[in-house]
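Structural overview
Listed below are the residues making up each chain.
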Amino acid sequence: PEEQRERFAAEDEASRKQAIEEFLDQDPVPDTPENELTEGIRRRQALVRAEGISPFDARARVLFLNGPPDERLLVDCGSAFKPMQLWGYGPTKDQRRFAVLYQPAADQHYQLWLPSESKRVLYTPELAYFLDQWEELRGFIRGRRFDYQLCDLAKRVDRITGVNGLFGYEQDRPTDRDMGRFLEPPQDLAVWAQKAAATPLPELPAELATNLFELRFPRVDGQRIVTRMVVRVPADAELGVAEPAEPDQEPELDLTATGTLEHDGAPFDSFRVRYTPAASDPRAPLALVLERALRPETSFVLRLVVKDEISGAEARFTRGFEVPAEPIDEPEAADDVVTLLGEQFATQAPGGQDSLVLVPPESDVVIGLWRAETLVTGSRIAKVVFSVDGQVQLTRSRPPFNAEVRLSKFPIEQVVRAEGLDADGELVASDEVLLNQPRGALRVRIVEPARGSRSVGPVLAKAEIILPEGRRIEKVEFLVDDQLQETLERPPWQTTVTAPEDSELSYLTVVAHLDDGNTAEDVRFLQSPKYLEEVDVSLVELYTTVTGSNGALVGGLTADDFEIFEDGKEQKIAKFELVENLPLMVGITIDTSGSMASSLIQAQRAAEGFLSKIVTRRDRCFAISFAERPVMLMAPTNDVEAVARSLEGLVAVGSTALHDAIVESLYYFRGVRGRRALVLLSDGDDTASNIRFDDALEYARRSGVAIYTIGLDVGVFDAGVRGKLRSLSAETGGRVFFIKTADELSGVYSEIEEELRSQYLLAYSSNNPSADPGAFREVEVKVKGRGLKARTSRGYYE
């Protein structure tokens, strides 16, 4: 009871420990050999831990006191209700009583709903407002109530709460006392102990061997203290080993750390970090390191789960701690320990009295007009000059030193630079940001001069470099005829080189050097004899789907069954294979505009199921949502659970930036080779984009990514959006689906999954020289056999 808990909390630690021991020593059922009370407590605590719920959460207390519910309903209609769970207890539906548990806000634990709070607290503020209008205009509005339109469980919520809408109170509705019984202490401890001791437990994961968990406070980060969490895994821990994604790679371990921090009984922060070190034999002990910058002299509770994703074994830690006022010196790690760091985020701050920092953009993709903002300190800077790729665009002579600079309409790599000058025009400080840097396997591509052009004298040399994740470019060298002309250490990767005037054969080489020692290069002829042609030896790869006259997928074909034509000229097939085992990169792009309110939950679940089935350790996936603008939910990763979590809790509101979402989604495929597919779901035409559809379609053609478009409840008379979705899929070798309800999405995703596992890879080296090096090459694939059709990309840009 409350008064007993208050007395218990007021005692010192020794007295509380003694009280706990005395409580557990009592045996409320002395006639049996075991102590049902201690066994019941152990089982109920294990049940709560298996659910991963904080004891500050009302669901944990209801679960501990009452055991697992006989019926559990998840109300996750984000446009109508706050996150809510309905737990029913009772052997039959007629006898069942429900605990209504809801999350008041994203940064709070679930709490038990009391009828005296009114039903309004269960609705989102927007829906509560619309229901107010409904009540006022009930006689003038036709159609179903708004929450009925948005949530299939709205009527069930009415029955369980005893309130129809906001104000339709039923006489037999539950009272505060009825709800409060779910959290009351047991009236008969013996009855509770016997029932709790018989609680069936779910199958629990094996225990992951760890020999130490440490908390350290090594340094200051601004006004905060870095809190370092270290989990040590001994060398003899039986960790699972994943087979390598590529033949030349080492086998990997796969460990994740998922944690929450609580402050004053409320959620404060949550995080998930992944560790995939190479597996060695014999393996050295590991130290898994996580860091969070926290306010000094503040108390927190950490709940951490470390999981071996291969074997499923887990280790769980709960630790209360107070961040010290000052950092504490940290001992050196043992030499034989492999220290693995979680993802680190760099922050930028002014460094001196007179300094300038250009604030990086919030989005990974920046196109069109971008508002460049600076942080300026000191008194010397009198004006700031803004340039893009070395070309001055704007100058600001008074604070705030901000400007809207114009970028490309497509997401290409660009450098924005801000230079702070004093009253005499002398440079005081500068900063620059690199926008839209492509990531993927290391590659260098010379953009200028164009292939086939003849250059003499000074000529602009420009390169694009695709950078692997987590790596840094140390330098880029520009050479003419193997003679070094320029070395750059920062973008833009362009300079002026000199092509000799009296040479019959001259060539440009651009070499990129990474911080790990790896290099890549590209070569372009500046001058060459007329008889010497510059040939691109890279293969054109076509991922092709074959269907029969009935639309079913056709397998078992060979290279002899196919013919390839480029601009009408037949090509020789150089490579052929079934792609079911080749690595895949797949993106999910979901419309979250206001019109998606009634379908968003089903769309999330269908996407999660699709990804869990098709993405393996060798593959990667990402998720983007879009309403007024695209939002990156989870960057490319092979951690399917992380992507699935990013889809949870989406809310449908706002307009539709369909064109912008297409371009931003395709941007994340840059630098990625192999199978690539984008699945795009929308229920309406564009109303908010900055990019025209023709430009988005052009970008899609250049991307080489197969786009699978899904039109949800798009009427036959909505010719505009239907035409756009058809064009996107037809031009890129994907497929279009039009469905009436979100219930059909699971079937659509199953068809896409089957198709992606049943494609053929056809590759050829083009024998079709073109006078225009940047021209579009139209490609057609034909398949022999009556009624057979091949579907692939309609072409590529050289």
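For clarity, every value in this text was computed on a predicted model and none was experimentally measured. All chains use their own residue numbering, which begins from 1 and follows the written sequence. Only residues with pLDDT of at least 70 get local features here, since the model is predicted, and only at 80 or more are side-chain atom pairs given and counted; chain-wide, interface and lining totals rely on the full set of residues. To get the side-chain values, take all heavy atoms of the structure and skip hydrogens and water.

Quick look at the side chain of Thr-124
Under the scheme used here, helices are H or I runs from DSSP no shorter than 4 residues and strands are E runs no shorter than 2 residues, and both carry numbers assigned from the N terminus. Summarising the element assignment, Thr-124 is placed in the loop between strand E4 (111-112) and helix H5 (125-136). Whether two residues are in contact is decided by their heavy atoms: any pair within 4.5 Å suffices. Discounting residues that sit within four places of it in the chain, Thr-124 has contacts with Gly-78, Ser-79, Ala-80, Phe-81 and Lys-82.

A word on a nonpolar patch on the surface
Note on patches: the residues involved have over 30% relative accessible area and no salt bridge, like charges join within 9 Å, and the nonpolar side chains Val, Leu, Ile, Met, Phe, Trp and Tyr join within 5 Å. Computed with the Shrake-Rupley method and a 1.4 Å probe, the accessible areas treat only the protein chains shown as cover for residues. Salt bridge criterion: a side-chain nitrogen from Lys or Arg within 4 Å of a carboxyl oxygen from Asp or Glu. Among the surface-exposed residues, Phe-8, Ile-20, Phe-23 and Leu-24 lie close enough to one another that they form a single nonpolar patch of about 310 Å² accessible area. The leading source of residues in the nonpolar patch is helix H2 (residues 13-25), at 3 residues. You can see Phe-8 is positioned in helix H1 (residues 2-10). The buried label applies to any residue whose accessible area, calculated with a 1.4 Å probe on protein chains only, is under 20% of its type's maximum; exposed applies above 50%, and partly exposed to all values in between. Classification of Phe-8 as partly exposed rests on a relative accessible area of 30%.

As for the state of the cysteines
When two cysteine sulfur atoms are found within 2.5 Å, that pair is recorded as a disulfide. A complete count under the given rule lists 1 disulfide for this structure. Put simply, Cys-77 and Cys-151 are joined by a disulfide, and their sulfur atoms are 2.2 Å apart. Between Cys-77 and Cys-151 the disulfide shows an S-S torsion of about 60°. By sign, it is right-handed. Of this pair, Cys-77 sits in the loop between strand E1 (71-75) and strand E2 (84-89) while Cys-151 sits in the loop between helix H6 (146-150) and helix H7 (154-161), and the two are 74 residues apart along the sequence. Residue classification places Cys-151 among the buried positions, given a relative accessible area of 3%.

Describing the pattern of salt bridges
The full count for this structure, using the stated rule, is 50 salt bridges. A salt bridge links Arg-59 to Asp-57, with the nearest nitrogen and oxygen atoms 2.9 Å apart. A relative accessible area of 15% places Arg-59 in the buried class. As a salt-bridge pair, Glu-262 and Arg-303 come within 3.0 Å of each other at their nearest N and O atoms. Taken as a pair, Glu-262 in strand E10 (residues 255-263) and Arg-303 in strand E13 (residues 299-308) lie far apart in primary sequence, 41 residues in all.

A few points about the environment of Arg-181
When you line up the elements, Arg-181 lands in the loop between helix H8 (176-180) and helix H9 (189-197). C-alpha separation for the pair Arg-181 and Asn-66, spaced 115 residues apart in sequence, amounts to 9.9 Å. Distance and chemistry together define a polar contact, namely a pair of N or O atoms within 3.5 Å, with one atom able to donate a hydrogen and the other to accept it when in protein, and with adjacent residues in sequence counting only for side-chain atoms on both sides. Separated by 2.9 Å, the side chains of Arg-181 and Asp-178 make a polar contact.

Things to note about the packing of aromatic side chains
Whether two aromatic rings pair depends on their centres lying within 6.5 Å, for rings of Phe, Tyr and Trp, where Trp uses its six-membered ring; planes under 30 degrees apart make the pair stacked, over 60 edge-to-face, and the rest tilted. Using the criterion set out here, one finds 18 aromatic pairs in the structure. Aromatic pair Phe-576 and Tyr-760: ring centres 5.8 Å apart, planes at 20°, arrangement stacked. In this pair, Phe-576 is assigned in strand E34 (residues 573-578) and Tyr-760 in strand E41 (residues 760-764), connecting sequence segments 184 residues apart. Measuring from ring centre to ring centre gives 5.2 Å for Tyr-667 and Tyr-668, while their planes differ by 85°; the resulting arrangement is edge-to-face. Judged on exposure class, the residue Tyr-667 and its partner Tyr-668 are both buried. What links up through ring pairs into an aromatic cluster is the set Tyr-129, Phe-130, Trp-134 and Phe-146. Two limits define a charge over a ring: the Lys NZ or Arg CZ must be within 6 Å of the ring centre, and within 35 degrees of the ring normal. We note Arg-72 situated over the ring of Trp-87; from NZ or CZ to the ring centre the distance is 4.7 Å. Sitting over the ring of Tyr-148, Arg-145 keeps its end group 4.2 Å from the ring centre.

As for the packing of helix H13 (residues 693-703) against helix H14 (residues 719-732)
Note on geometry: axes are lines fitted to C-alpha atoms, helical ones only across the stretch in contact, with angles between N-to-C directions running from 0 to 180 degrees. Two numbers describe how H13 lies on H14: the axes approach to 9 Å, and their chain directions differ by 20°. When the axis of H13 is compared with that of H14, the two are roughly parallel. In the packing of H13 onto H14, the handedness of the crossing is right-handed. On H14, the residues touching Phe-693, Leu-697, Ala-700 and Arg-701 of H13 are Lys-724, Ser-727, Leu-728, Glu-731 and Thr-732. Any angle between 65 and 115 degrees counts as roughly perpendicular, while under 35 counts as roughly parallel, over 145 as roughly antiparallel, and the rest as oblique. Put simply, a crossing is left-handed when the front helix is turned counterclockwise from the back one by less than a right angle, and right-handed when it is turned clockwise.

A few points about helix H4 (residues 58-66)
Counting buried residues in H4 gives 7 out of 9 residues, a clear majority hidden from the surface. The complete set of buried residues in H4 reads Ala-58, Arg-59, Ala-60, Val-62, Leu-63, Leu-65 and Asn-66. On the buried face of H4, the contacting elements are helix H3 (36-51), E2, strand E3 (97-102), E4 and H9. The residue sitting at the N-terminus of H4 and contributing the capping side-chain oxygen is Asp-57; that oxygen lies 2.8 Å from the backbone nitrogen of Arg-59. Count one or two residues on from H4 and you reach Gly-67, which has phi positive near 80°.

Quick look at helix H12 (residues 658-667)
The buried fraction of H12 amounts to 10 of the 10 residues, a majority that puts the element mostly inside the structure. Buried within H12 we find Leu-658, His-659, Asp-660, Ala-661, Ile-662, Val-663, Glu-664, Ser-665, Leu-666 and Tyr-667.

What about the nonpolar core?
The biggest cluster of nonpolar side chains holds 37 residues, and the ones touching the most others in it are Phe-81, Met-84, Leu-86, Val-100 and Leu-101. Taken together, the elements giving at least two residues each to this core come down to H3, H4, E1, E2, E3, H5 and H7. A per-element tally of this core places E3 first, with 5 residues. Setting aside its immediate chain neighbours within four residues, Met-84 contacts Leu-73, Leu-74, Val-75, Val-100, Leu-101, Tyr-102, Tyr-110, Leu-122 and Val-157. Membership of the second largest hydrophobic core comes to 36 residues, among which are Val-586, Ile-614, Tyr-749 and Leu-756. In plain words, nonpolar cores are sets of buried Ala, Val, Leu, Ile, Met, Phe, Trp, Tyr and Cys residues tied together by side-chain atoms within 4.5 Å.

Structural notes on the confidence of the model for the protein chain
Known as pLDDT, the predictor's confidence for each residue is given on a scale from 0 to 100. When pLDDT is averaged along the protein chain, the result is 88; 94% of the residues meet or exceed 70. Across the protein chain, element-level confidence peaks in H4 with a mean pLDDT of 97 and bottoms out in strand E15 (residues 338-341) with 74. Scored below 50 in pLDDT, residues 343-352 makes 12 contacts in the model with residues more than four places away or belonging to other chains.

What about the packing of H3 against H9?
Between H3 and H9, the least distance of the axes is 7 Å, while the angle of their chain directions is 55°. What the angle tells us is that H3 and H9 run oblique. The element H3 and its partner H9 pack so that their crossing is left-handed. For the pair formed by H3 and H9, the contact residues are Glu-36, Leu-37, Glu-39, Gly-40, Ile-41, Arg-43 and Arg-44 on the first element and Leu-189, Trp-192, Ala-193, Gln-194, Lys-195, Ala-196 and Ala-197 on the second. Here the nonpolar group is Ala, Val, Leu, Ile, Met, Phe, Trp, Tyr, Cys and Pro; Asp, Glu, Lys and Arg are the charged ones; every other residue, Gly included, is treated as polar. For the contact of H3 with H9, the residue count by class is 7 nonpolar, 2 polar and 5 charged.

Details of the sheet that holds strand E31 (residues 540-547)
Note: two strands are recorded as paired if DSSP finds a minimum of 2 bridges between them. Pairing within the open sheet is antiparallel, and its 4 strands lie in the order E34-E41-E31-E43. Single-partner strands in this sheet number two, and they are E34 and strand E43 (789-791). Strand-to-strand twist across the sheet, computed as the mean angle between neighbouring axes with direction ignored, equals 30°. Where E31 meets E43, 3 bridges bridge the pair, whose relative direction is antiparallel.

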